[in-house]
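Reading the structure
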Amino acid sequence: MSSVESKVAAPTTSRRRVLKLGLAGGALLLLGGSGLALYPPSRAGGAPTAPLLALDGRAFQVLVAVAARIVTAAGADPVAIAHGVDRALSYALAETQSDVRALLGLFENALAGFVFDLRLTPFTRLSPSAQDAALESWRTSRLVVRRTGYQALRKLCLASFYVQESSWPELRYAPPSGLNAAAYDDPEIGTPEWIEAQNKVRGS
Amino acid sequence: MRSLKTIRAGAGVLDGSAQAADVTLDADICIIGTGAGGAVAASIFARSGKTVVLLEEGGYYTSADFTARERDTEPRLYQEGMTRTTKDAGISVLQGKAVGGTTVVNWTTSFRTPEDVVDHWHKKHAVGGFAYADLIPHYEAIERRLAIAKVPYDSLNANNRTLYDGCKKLGWEVDTLRRNVFGCLQSGFCHLGCPVNAKRSMLVTMIPDALDAGARLLFRARADKLERAGGAIARVRGTLLDAEGRSATGKSFTVTARRFIVSGGAINSPALLLRSGLDSGGLVGARTFLHPVIGSSALYDEPIEPQRGAPQSAASHHFAHRGDEMGFFLEAAPWYPGLASTAAPGYGSSHADFMRQVAHTATHIAIGIDGFHDDLPGGRVTLRSSGAPLLDYAITPKMWSAFRFAQKRLAEAQFASGARKVMTLHERPVVLEGKLDEAAIDAARWEIGCVPVFTAHQMGGCPMGDDPAVSVVRSSDLRHHTIENLHVIDGSVFPTSLGVNPQESIYGLSHLMASRIAASK
Ligand SMILES: Cc1cc2nc3c(=O)[nH]c(=O)nc-3n(C[C@H](O)[C@H](O)[C@H](O)COP(=O)(O)OP(=O)(O)OC[C@H]3O[C@@H](n4cnc5c(N)ncnc54)[C@H](O)[C@@H]3O)c2cc1C
């Protein structure tokens, strides 16, 4: 934990404290929003391969870098994961979409990095091990908003990967295909008459 | 009755996303929300000869869309594309959004409201409008229509059987569950919409019943505001949404009616009332309860394959009543890779290792019973600047303390049923090899963002009761205390949580109250 954090967070998680941190969180996210505008594009690549639905190009690029560290399972493709996150976010509230964009800005923002971790390099320009250290700092932070911010990105990236069929062989997960085809074509299924008839068959 | 397919294609079903012009409708009764509360009420009103218009924000998906794939279904069938959380992001909120409401995605566990809970409401929340005995014939009617039946022990999958066996071994109360299914293939995909129409959700029962009796349905239609004329609601206005429900089409709708039934579910119903300027002196949105959930994973030598079989089929209420402490009940949680990956701890290689163990992993959950203690007052729904709801719900010290206790009991039950290793779902998991270590669980970081907490049971926010100083609707017919043509019929009317999975409580109460309203003038 950085010295700044220890000043902001008391060792208690009382409700008042959490709410105060929530407000601090709002300010942090604003800082994040400005962060993406202040820094040049990363060298890391990670440009979108399809039109974006909820993120912008800069936020997408940071997300690709985050995804590369969060999901290291066999076959993980950070760009595909980031596109999955973008699609998932397109179903979320506009407020949530803008919070995630700001959060990614905060991850990238060197000023925030300096305040919390004394690092001046944007996230996308760090080495993999330094990126892991940055993630770790968010993950174990005493600030609720940093921990929940880490959790939001973690969950979005992981879910995006694991809903893809390509991740399933590793888990030996193979849901049936076409199970639903027959049911809906049965013209009677679900009607009270159908249930009654089935009950009779069962009872006999 | 006409087939489900014919009903779905009928003239009474309007797709809001396909409307080229603003829509205006009129009915005796307008029902906002088509889930457990709204669908049951609609079928009763339509069959009693009233003209009914049902409004639903979500899509009209059917088993044809239920592909057993999370990617196809979760963003479409859940509120906010399954990204809803509480204000401080401490709790993930799973809540449905579709024709049929949350019943389309629920896990089919069916309990009547416990009698002692109704007693508590009578004594502590001035709920005098019905006796427990009044509910019984309505539960029975629902149980017949939804084919609710107790499952035999032999049908339990290993995920549920391990919970059952562990509790039995420890001498704890445990039982197999009643489920609202018929012809269930045990495919395990309840959570993504039943692919074979075996789940007797509102989508395949009360909604088609209502439509077959002449009700009309406008889906992809979000009710924004109830508008008053004098002491009554004159109309509801709202926004039509595109086919994916992601944005407004630019078209709107207006429904005039003699009576309005708000059935948007907890969180959403209070939000609609708040947007309409009906806050009942601050009562609307307060006392929202969540049955907050924590989980425990356990590794067994035997194969568990938690993705197979009925997701929920055993429960223990042994710890439901804990005096001054928060009670909880134990159940099993199903496993889908996307959902499970968000609950599994950490990231990178440790996370990938955890996921690979799935074939031998069981996950059991403890479901907290909130609302029965002064220091478990639930949360409050407020409005975002866009008008969307935002739930501020504090996890209080009493709740954290109950979670710690529950985590230990979950581990005990898992070891008792043969688990080799038990893991909490903390970001830094507590890993117990072979035996319970209470001190290790106590030492874990019990804070927001360090341990996943989720809710699938939202209740309260528009409580019923006979004292307008503490309730929003009266308990004899769920009518608003001051607006005589406005009712709230859904899970938001409960004055506390329930201590059991809520769907049948909502069906039964809706059946009773809609029958009373239909019989009144
Ligand atoms: C994953 C999961 C598993 C569950 N498993 C079980 C279980 O096994 N057993 C059990 O008893 N319970 C279970 N539940 C909970 C149960 O299904 C719900 O408590 C119940 O369906 C709530 O009923 P309701 O009528 O209050 O609201 P809902 O069923 O949620 O219906 C409300 C509907 O209103 C719509 N709506 C809201 N606002 C508006 C608006 N402004 N305009 C138009 N439409 C609107 C919503 O889109 C929604 O479709 C589960 C829930 C989840 C999420």
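Below: a short report on this structure.

The rules behind these values
Residues numbered from 1 in each chain as written. Chains lettered and ligands numbered in written order. Predicted model: local features only at pLDDT ≥ 70, side-chain atom pairs only at ≥ 80, totals over all residues. Heavy atoms only, no water. Helix = DSSP H or I, 4+ residues; strand = E, 2+ residues; numbered from the N terminus. Buried < 20%, exposed > 50% of the residue type's maximum accessible area, 1.4 Å probe, protein only. Contact = heavy atoms within 4.5 Å. Lys, Arg positive; Asp, Glu negative; His and termini not counted. Charge placed at Lys NZ, Arg CZ, Asp CG, Glu CD. Axes fitted to C-alpha atoms, helices over the stretch in contact; angles between N-to-C directions. Parallel < 35°, antiparallel > 145°, perpendicular 65-115°, else oblique. Nonpolar A, V, L, I, M, F, W, Y, C, P; charged D, E, K, R; others polar. Phe/Tyr/Trp six-rings, centres within 6.5 Å; stacked < 30°, edge-to-face > 60°. Lys NZ or Arg CZ within 6 Å of the ring centre and 35° of its normal. Near = heavy atom within 4 Å. Polar contact = N/O pair within 3.5 Å; in protein donor to acceptor, adjacent residues only side chain to side chain. Pairing = 2+ DSSP bridges. Buried area = accessible area lost by both parts, 1.4 Å probe. Salt bridge = Lys/Arg side-chain N within 4 Å of Asp/Glu carboxyl O. Disulfide = S-S within 2.5 Å. Arc of directions from axis to C-beta. Core = buried A, V, L, I, M, F, W, Y, C linked by side-chain atoms within 4.5 Å.

With respect to the overall build of chain B
The helix and strand tally for chain B stands at 13 helices and 23 strands. When its C-alpha atoms are laid out on the principal axes, chain B stretches across 65 × 45 × 45 Å. For chain B, buried positions account for 67% of its 521 residues. Taking the intrachain contacts of chain B between residues at least 6 apart in sequence as the baseline, contacts between residues at least 24 apart amount to 75%. Between the centroid of the 55 positive side chains of chain B and the centroid of its 53 negative side chains there is a distance of 4 Å.

Description of the packing of helix α3 (residues 57-70) of chain A against helix α7 (residues 128-139) of chain A
Residue and element names in this part refer to chain A. Direction vectors running N to C along α3 and α7 enclose 90°, while the axes themselves pass 10 Å from each other. By the angle class used here, α3 and α7 are roughly perpendicular. Only P128, Q131, D132 and L135 of α7 make contact with α3, whose side of the interface consists of A65, R69 and I70. Here the contact of α3 with α7 is built from residues that sort into four nonpolar, one polar and two charged.

With respect to the packing of aromatic side chains
The tally for this structure, following the rule as stated, stands at 16 aromatic pairs over all chains. Arranged with centres 6.1 Å apart and planes meeting at 70°, the rings of Y150 of chain A and Y347 of chain B form a pair that is edge-to-face. Linking Y150 of chain A in helix α8 (residues 144-162) with Y347 of chain B in the loop between α9 (337-343) and α10 (348-356), this pair reaches from one chain into another. Side by side, Y150 of chain A and Y347 of chain B carry an identical accessibility label, which is buried. The rings of W172, F319, F328 and F405 of chain B are connected pair by pair, giving a single aromatic cluster. One cation-aromatic arrangement involves R146 of chain A over W138 of chain A; the distance from NZ or CZ to the ring centre is 4.8 Å. When the ring centre of Y60 of chain B is taken as reference, the NZ or CZ atom of R8 of chain B above it lies at 4.2 Å.

Some words on the site of the ligand
Residue and element names in this part refer to chain B. Taken together, the neighbourhood of the ligand is formed by 41 residues, with G37, E56, T102, T109 and Q503 sitting nearest. In the environment of the ligand, a nitrogen atom lies 2.7 Å from a nitrogen or oxygen atom belonging to the backbone of T109. Elements with a minimum of two residues in the shell around the ligand: α2 (36-47), β9 (221-229), α8 (268-275) and α13 (503-519). The element that contributes the greatest number of residues to the shell around the ligand is β9, accounting for three residues. For the shell around the ligand, a count of residues per class yields 12 nonpolar, 23 polar and six charged.

Things to note about the pairing of strand β15 (residues 328-332) of chain B
All names here are of chain B. Counting buried residues in β15 gives five out of five residues, a clear majority hidden from the surface. On β15, burial covers both faces: F328, L330 and A332 on one face and F329 and E331 on the other are all buried. Here two bridges tie strand β14 (residues 314-316) to β15, and the two strands are oriented antiparallel to one another. Each bridged residue has a counterpart across the sheet, and for S316 the counterpart in β15 is L330. Across five bridges, β15 lies against strand β16 (residues 361-368) in antiparallel orientation. Across the sheet, residue E331 finds its bridge partner in β16, namely I365.

Let's talk about the interface of chain B and chain A
Listed as interface residues are 70 residues of chain B and, on the opposing side, 61 residues of chain A. Here chain B meets chain A over a buried area of about 5900 Å², counting both sides, of which 55% is carbon and sulfur. Linking chain B with chain A are six salt bridges. For E427 of chain B, the salt bridge goes to R139 of chain A, with nearest N and O atoms at 2.7 Å. Taken together, the connections running from chain B to chain A amount to 26 residue pairs in polar contact (both at pLDDT 80 or more). Of all elements in the fold, only α1 (4-8), α3 (70-77), α9 and α10 of chain B reach the threshold of two or more residues within the side of chain B that touches chain A. Here the element with the most residues in the side of chain B that touches chain A is α10 of chain B; it accounts for six residues. Class assignment for the residues of the side of chain B that touches chain A results in 28 nonpolar, 20 polar and 22 charged.

What to know about the state of the cysteines
Residue and element names in this part refer to chain B. By the definition in use, this model includes zero disulfides over all chains. Cysteine C30 is unpaired, with the sulfur of C462 as its nearest cysteine sulfur at 16 Å. Residue class for C30 comes out buried when judged on its relative accessible area of 0%.

Description of the side chain of N160 of chain B
Residues and elements named next belong to chain B. With respect to the secondary-structure elements, N160 resides in helix α6 (residues 158-169). When its relative accessible area of 0% is taken as the criterion, N160 is described as buried. A polar side-chain atom of N160 sits 3.5 Å from the main-chain carbonyl oxygen of A310. Contacts of N160, omitting those with residues within four sequence positions, involve A310, P311, Q312, S313, A314 and A332.

Quick word on helix α6 (residues 110-117) of chain A
Residues and elements named next belong to chain A. Listed in full, the buried residues belonging to α6 are A110, A112, G113 and F116. Buried positions in α6, seen along its axis, are confined to an arc of 155° and lie on one side of it. In the stretch just after α6, L118 is the one whose phi turns positive, near 55°.

Some words on the nonpolar core
Membership of the largest hydrophobic core comes to 98 residues, with the highest contact counts inside it found for F45, L226, L273 and M464 of chain B. The contacts of L273 of chain B, once residues within four sequence positions are left out, are L226, V262, L278, V284, C462, V472, L486 and V488 of chain B. Judged by nonpolar contacts, the second largest core, of 58 residues, contains V79, L89 and V100 of chain A together with Y347 of chain B.

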